[in-house]
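# An overview of the molecular structure
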Amino acid sequence: MIASVRPKRVLAICYSQTGQLARIAKQILVPLQENPGVDVHLEMLRPLPAYPFPWPFFQFFDAFPESAHLIAPKLEPLALTGEEDFDLIILFYQVWFLAPSLPVTAFLRHPLAARLLKNKPVVTVIACRNMWLMAHEKMKSMLASLGGRLIDNVVLSDRGNVFATLITTPLWFLTGRQTGCFGLPPPGIAPSEILQAQRFGLALLGALADDAEKNNTPLLAGLKAVEANPKLYFTEKAAARSFYLWGKLIRAAGKPGQWIRKPILFLYVIFLFTLIVTVIPVSLTLQASIRPLLRKKLARMKHDFELPSGCGTERMSNYVI
Ligand SMILES: Cc1cc2nc3c(=O)[nH]c(=O)nc-3n(C[C@H](O)[C@H](O)[C@H](O)COP(=O)(O)O)c2cc1C
């Protein structure tokens, strides 16, 4: 039980289409919500208009120009005034086209965000397929510009490998069916991993009881918070560049949903498919052939991308779930 004068106040921000990120948020927040020493305000973001699920083919790809350029949609009014004084902010987000998803970007671009986040410790929790490095960079710079202090980053990604999920994940979003195909595992984060995310909530509860959120140091170290694959960095960098440039062209042609964007989107999908079947294998093969030269660089990149929480596991046995 937390014995401070007033309950600790935690703001949790979340958006979820399929319910996957909402389930992760629930696992992490339950230990905090059940403790009388903590007040949790969970703000579920509602974009206007709502994004469809499953996604129609063109609407799915039509979301990439604005994602790449961090152009936020409107949100339904928040149940926040900006006057609240939170002790900790937990920002749950998914990745869309190598950037934080548009509803979460909309929150960060909201006039209230700077007032809520300024000088506050922020924990980010990413749930995505497996390409989050560029999104994390964008998130870090948006948080820095709002004055938030990123003290932890947790990443949960899909159980399948990069190639399997490139097939199964788009099929999930376009059909609404989360099933495997061609012998590949179903897309999405393994249910056992979602369940075990509760360790982060338990660790946050302990940290809040000790006022540790005030220290500007990670609260979730030693809990296997994140495992970065720096080999994907070069692919992500190339893809993010192409999303940005093609996104600029498509945005110049028209607004989201306008028919004029469709022919360019169609061209881009062909280009993207070619990129996927060429750049990823070529980049991974090239890296494999010069691995001894890259070893040190990749190790440094892995370490840096895993900051601040790290991939250590030394506290895992404290939280057997
Ligand atoms: C439009 C769109 C683009 C996505 N792009 C990426 C991506 O670039 N990298 C990635 O790892 N996952 C990507 N994903 C997967 C999401 O990050 C996430 O895992 C999935 O949407 C489940 O989140 P939910 O809780 O909102 O349903 C994308 C999903 C959507 C809908």
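Look up: the structure comes first, before these words.
Analysis parameters
- Residues numbered from 1 in each chain as written.
- Predicted model: local features only at pLDDT ≥ 70, side-chain atom pairs only at ≥ 80, totals over all residues.
- Heavy atoms only, no water.
- Near = heavy atom within 4 Å.
- Polar contact = N/O pair within 3.5 Å; in protein donor to acceptor, adjacent residues only side chain to side chain.
- Areas by Shrake-Rupley, 256 points an atom, 1.4 Å probe, with all protein chains shown as cover.
- 1 Å grid on protein atoms, 1.4 Å probe; cavity = no way out; pocket = protein on both sides within 12 Å on 5 of 7 lines; lining within 4 Å.
- Sits in = over half its atoms within 2 Å of the grid points.
- Helix = DSSP H or I, 4+ residues; strand = E, 2+ residues; numbered from the N terminus.
- Points joined across faces, edges and corners; volume = space filled by probe spheres on them.
- Nonpolar A, V, L, I, M, F, W, Y, C, P; charged D, E, K, R; others polar.
- Pairing = 2+ DSSP bridges.
- Right-handed = clockwise from strand over helix to strand, strands pointing away.

Here we take up the site of the ligand. Taken together, 19 residues form the shell around the ligand, and within it Ser16, Thr18, Leu21, Gln94 and Val95 come nearest. A distance of 2.4 Å separates an oxygen atom of the ligand from a polar side-chain atom of Thr18. In the model, a nitrogen atom of the ligand is placed 2.9 Å from a nitrogen or oxygen of the Phe97 main chain. Considering the ligand on its own, with 620 Å² of exposed area, one finds that the protein chains cover 96% of that surface. The pocket occupied by the ligand, as judged from atoms lying within 2 Å of grid points, is the largest pocket. Every element with two or more residues in the shell around the ligand is listed here: helix H1 (20-33), strand E5 (88-96) and strand E7 (121-128). Broken down by element, the residue count for the shell around the ligand peaks at three residues, all from E5.

Once that is clear, we can look at the layout of surface pockets. If you add up the space inside the largest pocket, you get close to 1,200 Å³. Around the largest pocket sit 40 residues that line it, and Phe60, Arg129, Leu166, Thr169 and Pro170 are the ones nearest its centre. Secondary-structure elements contributing two or more residues to the lining of the largest pocket are H1, helix H2 (57-62), E5, E7, helix H7 (162-175), helix H10 (233-253) and helix H11 (261-289). A total of eight residues in the lining of the largest pocket trace back to one element, the largest contributor, which is H7. Among the residues making up the lining of the largest pocket, the classes are represented as 29 nonpolar, nine polar and two charged. In terms of lining residues, the second largest pocket is bounded by 21 residues, among which Val155, Leu156, Ser157, Glu193 and Glu227 are the most central. Secondary structure elements with two or more residues in the lining of the second largest pocket: strand E8 (149-157) and helix H8 (191-196). Ranked by residues supplied to the lining of the second largest pocket, first place goes to E8 with three residues. Each residue belonging to the lining of the second largest pocket can be placed in one class, and the counts come to nine nonpolar, six polar and six charged.

Attention shifts here to the pairing of strand E2 (residues 38-44). Sheet topology note: the strand E1 (residues 8-14)/E2 ladder contains seven bridges and is parallel. Bridged to Cys14 within E2 is Met44. Note on the crossover from E1 through H1 to E2: the handedness is right-handed.

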